[in-house]
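# Topology and contacts: notes
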Number of protein chains: 2
Amino acid sequence: MTANQHSQQHTYIAIMAGGVGSRFWPASREAKPKQFLDIAGNGKSLLRLTFERFLRLVPASHIFVVTNEGYRALVKEHLPELQDGQILGEPSRNNTAPCVAYTAMKLYQLDAEANLVIAPSDHLIQNEDIFLDNIRHCLDFTASQEALLTLGISPTHPHTGYGYIEYGGQSDSPGIYAVKRFAEKPPVEQARAYLASGNYLWNAGIFIWRASTILEAFRRYAADIYEQLSPGMSVMNSAGEQDFINAHYPATRSISIDYAIMEQADNVYTLPAQFGWSDLGAWASLHEEVDKDAEGNALQGDQILAYDTHNCLIRAPKGKMVVAGGLDDFIIVDEGDVLLIFPKSREQEIKQVGALVRERFGTDRL
Amino acid sequence: MTANQHSQQHTYIAIMAGGVGSRFWPASREAKPKQFLDIAGNGKSLLRLTFERFLRLVPASHIFVVTNEGYRALVKEHLPELQDGQILGEPSRNNTAPCVAYTAMKLYQLDAEANLVIAPSDHLIQNEDIFLDNIRHCLDFTASQEALLTLGISPTHPHTGYGYIEYGGQSDSPGIYAVKRFAEKPPVEQARAYLASGNYLWNAGIFIWRASTILEAFRRYAADIYEQLSPGMSVMNSAGEQDFINAHYPATRSISIDYAIMEQADNVYTLPAQFGWSDLGAWASLHEEVDKDAEGNALQGDQILAYDTHNCLIRAPKGKMVVAGGLDDFIIVDEGDVLLIFPKSREQEIKQVGALVRERFGTDRL
């Protein structure tokens, strides 16, 4: 058995699908967040796209989804290939660290050599071939080393909405570097300096490690979480799993994996990657990522006519005709029961608008 | 019996409801023109509003509707009080002169003293009391004189979309003047001169006359139409009426009543009126006429939020939530299957857009 075959046999994917994604309102709602939507306009939800991407790497039985218990039915609907035991239901929202610990425990109980990828369910990957090559390279690395590996995205512009990773010396594997430090979301001047320096990457929240490695890191750097959850190891993948989680998970500290582990550990590595990535933070970033016509319009729908209209994102349900005239840089989203028309550059104000909607019309459509 | 009682007994109303009104697309469609829509946003169609306005003057049995045969079912739906015989179905669109001749023949056969009002079905009247007082005054005048009387609207601004009426000396009835001439839609400088002169009125297409008077005018000034239709007089209001009309009406000349009669006759009078009138030519004029909020927005719908939005007309079906941000002077009309967003000042381009829609998506929604 080659190292590569060994690696494949023990490879697992954990897709994080618990987020709310309220910035895609009115397409996203509290009851149906972003990862369950066809945000890219190609007929498939972001969760489904993520799942199918990893199906090229492992069989469906090796793919797990971590979500809020309230979204379990939606996950089953979008990924009918999954068995119930492959869906990890969080009874509370405690940020990513407890969620990663639970996942690692469950996979370690299943396979002590489990080597896993943790990936968000709601990001866009433009070049899947490069992405999967990068992931394979990372898995080979973590299969043979006690390493916490994170994919770093080579930045294309001084984005102020992402955390950055500063990387240092190369590891013994070409293309993989030791992480010097994690940096918070920077002001734009700082972001420009990071870009100029050439050794900063965007932190995309895609992690690769063995279950045993990350559990050891928890034991060292987030002992409280480890102590709260590790007594449940023996009931993982059994009828007792959900009961244990329901009883103990909500009491864990709400903290991100970056704060709890990545910024503390000394065995953190990164692979600078260039596969065309976007976290699709909101409508404007979606407009940036998707295909546009000669006028810069992204039209998601089957009967949309943009007349003297430029740089707009127009999205409408199947069968709805939209005629938009004289608009520049607008988001137009018709979701059947809600229509939003808003300047793209003022997208951050949609949150305030949500508060006004709540006040005037109640929460039914939020 | 007083003159007034005599007048009431022989008073009839003919509502013209054959128009297409394509300028209210996407609310209006070829299959459902403007007069059948709740354009004012008060729960009633323009046709219904017109009918109820005249119900204050005469019983329902004295109100007739002239429409295209294709809209007969719609008329019955909106005005269930009407008997079949009160709906005149034109088998072809031949402009207003043949339509007026047919109406006059039918009412003359019913009542040789018939004194009638011809009124469009799709205009807005702001002050109904003044309107009805004016109409009563006109009916009294035409009951006793061989006069062709037209209501003239005192102009409020130099509108270039209306024809004008120049009036001269006063008749023997106070407030009613002889018409000197009809003037075509003027350029704006001309319109300003008309306004300044003080003796020009807008031609609103509201006529008052006895059936016998207008039939005599047809005999004199549009003898061809008179000769084509008058042989049908004896079958009016009988089973043979529609057959006769179907056979002979389509062969009549397509010409307006203004060209065919009003500009020729020498017994034409007008009553300058001020009851707040609009022909609701298109969305922008609707926006001008209806109630607006402090930001100048006319919101027709139950869940519309206008955020930093001014001077817009926003119309949506019951139950649809609309959030519009950062828009000035736009028309936003959601009709369920079609959404139109267009600059109010460029409304005349909607026609071109219609051609593009036809080309790209077919005629289903036009």
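Residue positions are given per chain, counting from 1 as you read along its sequence in written order. Each chain gets a letter, beginning with A, and each ligand a number, beginning with 1, in the order they are written. Residues qualify for local features only when their pLDDT is at least 70, as the model is predicted, and side-chain atom pairs are given and counted only at 80 or more; totals for whole chains, interfaces and linings, by contrast, use all residues. Side-chain metrics rest on all non-hydrogen atoms present in the structure, leaving aside hydrogens and water.

### Details of the pairing of strand S13 (residues 303-307) of chain B
Residues and elements named next belong to chain B. Most of S13 is tucked away: 4 of the 5 residues are buried. By the bridge criterion, 5 bridges tie S13 to strand S15 (residues 321-325) in an arrangement that is parallel. If you follow Gln 303 over to S15, its bridge partner there is Met 321. Any residue under 20% of the maximum accessible area for its type is buried, any over 50% is exposed, and the rest in between are partly exposed; the area is computed with a 1.4 Å probe on protein chains only. Helical segments are the DSSP runs of H or I of at least four residues, strand segments are the runs of E of at least two, and each set is numbered from the N terminus. A pair of strands counts as paired when DSSP detects no fewer than two bridges linking them.

### Points about the relation of the copies chain B and chain A
To superpose the copies, least squares is applied to the C-alpha atoms of every residue with a pLDDT of at least 70 in both. Mapping chain B onto chain A leaves a residual RMSD of 0.1 Å; the transformation is a rotation of 179° accompanied by 0.1 Å of translation along its axis. One copy is carried onto the other by what is essentially a two-fold rotation axis. Identified as the residue of chain B closest to the rotation axis by C-alpha distance is Gly336(B), at 4.1 Å. A shared interface surface links the copies, since 100% of the contact residues of chain B are contact residues in chain A too. Any pair of residues with heavy atoms lying within 4.5 Å of one another is described as a contacting pair.

### Structural notes on the sheet that holds strand S16 (residues 330-334) of chain B
Ordered in space as S13(A)-S15(A)-S17(B)-S16(B)-S14(B)-S12(B), the 6 strands form an open sheet in which the pairing is mixed. Every interior strand has two partners, whereas the edge strands, strand S13 (303-307) of chain A together with strand S12 (298-300) of chain B, have only one. Averaged over all pairs of adjacent strands, the angle between strand axes in this sheet comes to 5°, irrespective of strand direction. Alignment of strand S15 (residues 321-325) of chain A against strand S17 (residues 338-343) of chain B, held across 4 bridges, turns out to be parallel. Bridge pairing links Met321(A) to Val338(B) in S17(B). Against the sheet, helix H12 (residues 350-361) of chain B contacts S13 and S15 of chain A together with S17 of chain B, and its axis sits at roughly 140° relative to S13(A). Inter-axis angles, ranging from 0 to 180 degrees, are taken between N-to-C directions of lines fitted to C-alpha atoms, where helices are fitted over the stretch in contact.

### Considerations on the environment of Trp202(A)
Residue and element names in this part refer to chain A. Within the secondary structure, Trp 202 sits in strand S9 (residues 200-210). Overall, the relative accessible area of 3% leaves Trp 202 in the buried class. Linking Trp 202 and His 287, residues 85 residues apart in sequence, is a C-alpha distance of 20 Å. With near-sequence residues (within four places) excluded, Trp 202 lies in contact with Leu 151, Gly 152, Ile 153, Pro 155, Thr 156, His 157, His 159, Tyr 162, Gly 163, Tyr 164, Ile 165 and Trp 277.

### Some thoughts on the interface of chain B and chain A
Residue-level contacts link 36 residues of chain B with 36 residues of chain A. For this document, the term salt bridge refers to a Lys or Arg side-chain nitrogen within 4 Å of an Asp or Glu carboxyl oxygen. At the boundary of chain B and chain A, one finds 4 salt bridges. Arg346(A) is the partner of Asp308(B) in a salt bridge, and the nearest nitrogen-oxygen pair spans 2.9 Å. For this analysis, a polar contact is any N or O atom pair within 3.5 Å, provided that within protein one partner can donate a hydrogen and the other can accept it, and provided that sequence-adjacent residues contribute only side-chain to side-chain pairs. Counting across the chain B and chain A interface gives 24 residue pairs in polar contact (both at pLDDT 80 or more). Elements with a contribution of two residues or more to the side of chain B that touches chain A: S13, S15, S16, S17 and H12 of chain B.

### Digging into unusual backbone geometry
Note the cis peptide between Trp25(A) and Pro26(A), where omega equals 5°. A positive phi angle, close to 45°, is found at Leu280(B), a residue other than glycine. If you trace the backbone, Leu280(B) turns up in the loop between strand S11 (277-278) and helix H11 (283-289). Classification of Leu280(B) as buried rests on a relative accessible area of 0%. The backbone of Asn311(B) sits at a positive phi, close to 55°, despite the residue not being glycine. Within the secondary structure, Asn311(B) sits in the loop between S13 and strand S14 (313-315).

### Points about the pattern of salt bridges
Residue and element names in this part refer to chain A. Following the criterion strictly, the structure yields 54 salt bridges over all chains and no others. The salt bridge involving Arg 56 is made with Glu 128; its shortest N-O contact spans 3.4 Å. With a gap of 72 residues between them, Arg 56 in the loop between helix H2 (46-55) and strand S2 (63-68) and Glu 128 in helix H5 (residues 128-144) connect regions that are remote in the sequence. Across the salt bridge formed by Glu 166 and Lys 180, the nearest N and O atoms sit 3.8 Å from each other.

### Re the confidence of the model for chain A
Looking at any residue, its pLDDT shows the predictor's confidence there, from 0 to 100. Averaged over all residues, the pLDDT of chain A is 94; the fraction at 70 or higher stands at 98%. Both scores are given for the predicted complex: the pTM is 0.85, the ipTM 0.84.

### Focus: the packing of H2(A) against H5(A)
Residue and element names in this part refer to chain A. Their axes nearest at 10 Å, the elements H2 and H5 cross at an angle of 60°. Taken together, the axis directions place H2 and H5 in an arrangement best described as oblique. Considering the relative orientation of H2 and H5, their crossing is right-handed. In this structure, H2 uses Leu 49, Arg 53 and Phe 54 to contact H5, whose residues at the interface are Glu 128, Phe 131 and Leu 132. Residues are grouped as follows: Ala, Val, Leu, Ile, Met, Phe, Trp, Tyr, Cys and Pro are nonpolar; Asp, Glu, Lys and Arg are charged; all remaining types, including Gly, are polar. Tallied by class, residues from the contact of H2 with H5 come to 4 nonpolar, no polar and 2 charged. Orientation is classified from the angle alone, with under 35 degrees giving roughly parallel, over 145 giving roughly antiparallel, 65 to 115 giving roughly perpendicular, and any other angle giving oblique. Helix crossings get a hand from a simple test, with the near helix turned counterclockwise from the far one by less than a right angle marking a left-handed crossing and a clockwise turn marking a right-handed one.

### Here we look at the environment of Ala147(A)
When you line up the elements, Ala147(A) lands in the loop between H5 and strand S6 (148-153). With sequence-adjacent residues up to four places away left out, Ala147(A) is seen in contact with Phe141(A), Thr142(A), Ile208(A), Trp209(A), Thr213(A), Asn267(A) and Tyr269(A).

### A few points about the packing of aromatic side chains
Any two aromatic rings considered together are summarised by their centre-to-centre distance and by the angle between their planes. Centres within 6.5 Å are what make two rings of Phe, Tyr or Trp a pair, Trp counting through its six-membered ring; a difference in plane orientation under 30 degrees is then read as stacked, over 60 as edge-to-face, and the rest as tilted. One pass over the structure, following the stated rule, counts 30 aromatic pairs over all chains. With 5.3 Å between their ring centres and 70° between their planes, Phe141(B) and Tyr269(B) make a pair best called edge-to-face. In this pair, Phe141(B) is assigned in helix H5 (residues 128-144) and Tyr269(B) in strand S10 (residues 268-273), connecting sequence segments 128 residues apart. Of the two residues, Phe141(B) and Tyr269(B), both sit in the buried class. The ring of Phe131(A) is capped by Arg53(A), whose NZ or CZ atom sits 5.9 Å from the centre of that ring. Each ring is checked for a lysine NZ or an arginine CZ that lies within 6 Å of its centre and within 35 degrees of its normal; such an atom marks a charge sitting over the ring.

### A look at the packing of helix H4 (residues 96-110) of chain A against helix H7 (residues 211-221) of chain A
Residue and element names in this part refer to chain A. Running from N to C, H4 and H7 cross one another at 135°; their axes reach a closest spacing of 9 Å. Comparing the axis directions of H4 and H7 gives the class oblique. Crossing of H4 over H7 shows left-handed handedness. Across the interface between the two elements, Ala 97, Val 100, Ala 101, Ala 104, Met 105 and Tyr 108 of H4 pack against Ala 211, Ser 212, Ile 214, Leu 215 and Phe 218 of H7. Here the residues of the contact of H4 with H7 are counted per class, giving 10 nonpolar, 1 polar and no charged.

### Overview of the pairing of strand S8 (residues 177-183) of chain A
Residues and elements named next belong to chain A. In terms of strand pairing, strand S7 (residues 164-170) meets S8 through 5 bridges, oriented antiparallel. Residue Gln 170 lies in a different strand from S8, and its bridge partner there is Tyr 177. Count of turn residues in the S7/S8 antiparallel hairpin: 6 residues, of which Gly 175 carries a positive phi of about 90°. Bridging between S8 and strand S10 (residues 268-273) involves 2 bridges; their strand directions are antiparallel.

### A look at helix H12 (residues 350-361) of chain A
With 12 residues, H12(A) ought to run about 16 Å at 1.5 Å a step, and its terminal C-alpha atoms sit 15 Å apart, in line with that. Every buried residue of H12(A) is accounted for by Ile350(A), Val353(A), Gly354(A), Val357(A) and Phe361(A). Seen along its axis, H12(A) keeps its buried residues to an arc of 105°; they face one direction. Exposed residues pointing more than 90 degrees away from the buried face of H12(A) are listed as Lys351(A) and Glu359(A). In the core, the buried residues of H12(A) are packed alongside strand S17 (338-343) of chain A together with S13 and S15 of chain B. Given the number of residues in a helix, its expected span is that number minus one, multiplied by 1.5 Å. Read the arc as the range of directions from the helix axis to the C-beta atoms.

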